[in-house]
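Geometric and topological summary
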Amino acid sequence: MKQNSEDYQPQPADTSDIRLPEELENLVEQLARNVHEVWAQSRVEHGWTWGPVRSDAFKTHPSLVPYDELPEEEKQYDRNTAVGTLKLIIKLGFNISK
């Protein structure tokens, strides 16, 4: 039976028991940068451009800038995505090594 979107309850994997090793800190930042680049590339491919405010109608978004120019709050969002991904990889039993 298909679930109604109104009833949707997100259930991400519980990774609260996973602590990332310090040596992955640089990887987190590289992944965060790439998360932003992938998002931005997708927007640009769909006709979006930079604008001072987000407008779905005009396809403008203020975050269509290089990662280094993002506000810290936006960078942290991307870092959280990277950390969550790395924690899940470890939780699933994979090893991350260089």
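That block above? That's the structure.
Residues numbered from 1 in each chain as written. Predicted model: local features only at pLDDT ≥ 70, side-chain atom pairs only at ≥ 80, totals over all residues. Heavy atoms only, no water.

For the rest of this paragraph, the subject is the pattern of salt bridges. Two side chains of opposite charge can pair, provided their charged atoms sit close to one another. Applying the stated criterion to the full structure yields five salt bridges. Lys91 is paired through a salt bridge with Asp17; the nearest N and O atoms lie 3.0 Å apart. Taken together, the residues Lys91 in helix α2 (residues 72-91) and Asp17 in the segment before α1 (25-45) connect sequence positions 74 residues apart. Classification of Asp17 as exposed rests on a relative accessible area of 51%. Salt bridges sharing partners connect three or more residues here, namely Glu29, Glu72 and Arg79. (Salt bridge = Lys/Arg side-chain N within 4 Å of Asp/Glu carboxyl O. Helix = DSSP H or I, 4+ residues; strand = E, 2+ residues; numbered from the N terminus. Buried < 20%, exposed > 50% of the residue type's maximum accessible area, 1.4 Å probe, protein only.)

Right, let's get into the side chain of Ser55. Within the secondary structure, Ser55 is located in the loop between β1 (49-50) and β2 (60-61). Non-local contacts of Ser55, meaning those with residues more than four positions away in its chain, are made with Trp48 and Thr60. (Contact = heavy atoms within 4.5 Å.)

Even without a glycine there, the phi angle at Lys59 is positive, about 55°. One can find Lys59 in the loop between β1 and β2.

Locating Ser63 in the fold gives a position in the loop between β2 and α2. Overall, the relative accessible area of 8% leaves Ser63 in the buried class. Apart from the residues lying within four places of it in its own chain, the contact partners of Ser63 are His36, Trp39, Leu70 and Glu74.

Residue placement: Ser16 occurs in the segment before α1. Sequence separation of Ser16 and Lys87 is 71 residues, and the distance between their C-alpha atoms is 8.5 Å. For Ser16, the side chain forms a polar contact with the side chain of Asp14, separated by 2.7 Å. (Polar contact = N/O pair within 3.5 Å; in protein donor to acceptor, adjacent residues only side chain to side chain.)

Let's shift gears to α2. Residues spaced three or four apart along an α-helix face the same direction, because each turn holds 3.6 residues. For α2, built from 20 residues, the straight-helix expectation of 28 Å at 1.5 Å per residue is met to within 8% by its first-to-last C-alpha distance of 28 Å. When α2 is considered as a whole, its buried residues turn out to be Lys75, Asp78, Arg79, Ala82, Leu86 and Lys87. Those residues of α2 hidden inside the fold are in contact with α1. Two residues or fewer past α2, Gly93 is found with a positive phi of approximately 100°. (Expected span 1.5 Å × (residues − 1).)

Moving on, we get to the packing of aromatic side chains. Per the counting criterion, the structure on display carries zero aromatic pairs. It is Lys75 that lies over the ring of Tyr67; its NZ or CZ is 5.6 Å from the centre. (Phe/Tyr/Trp six-rings, centres within 6.5 Å; stacked < 30°, edge-to-face > 60°. Lys NZ or Arg CZ within 6 Å of the ring centre and 35° of its normal.)

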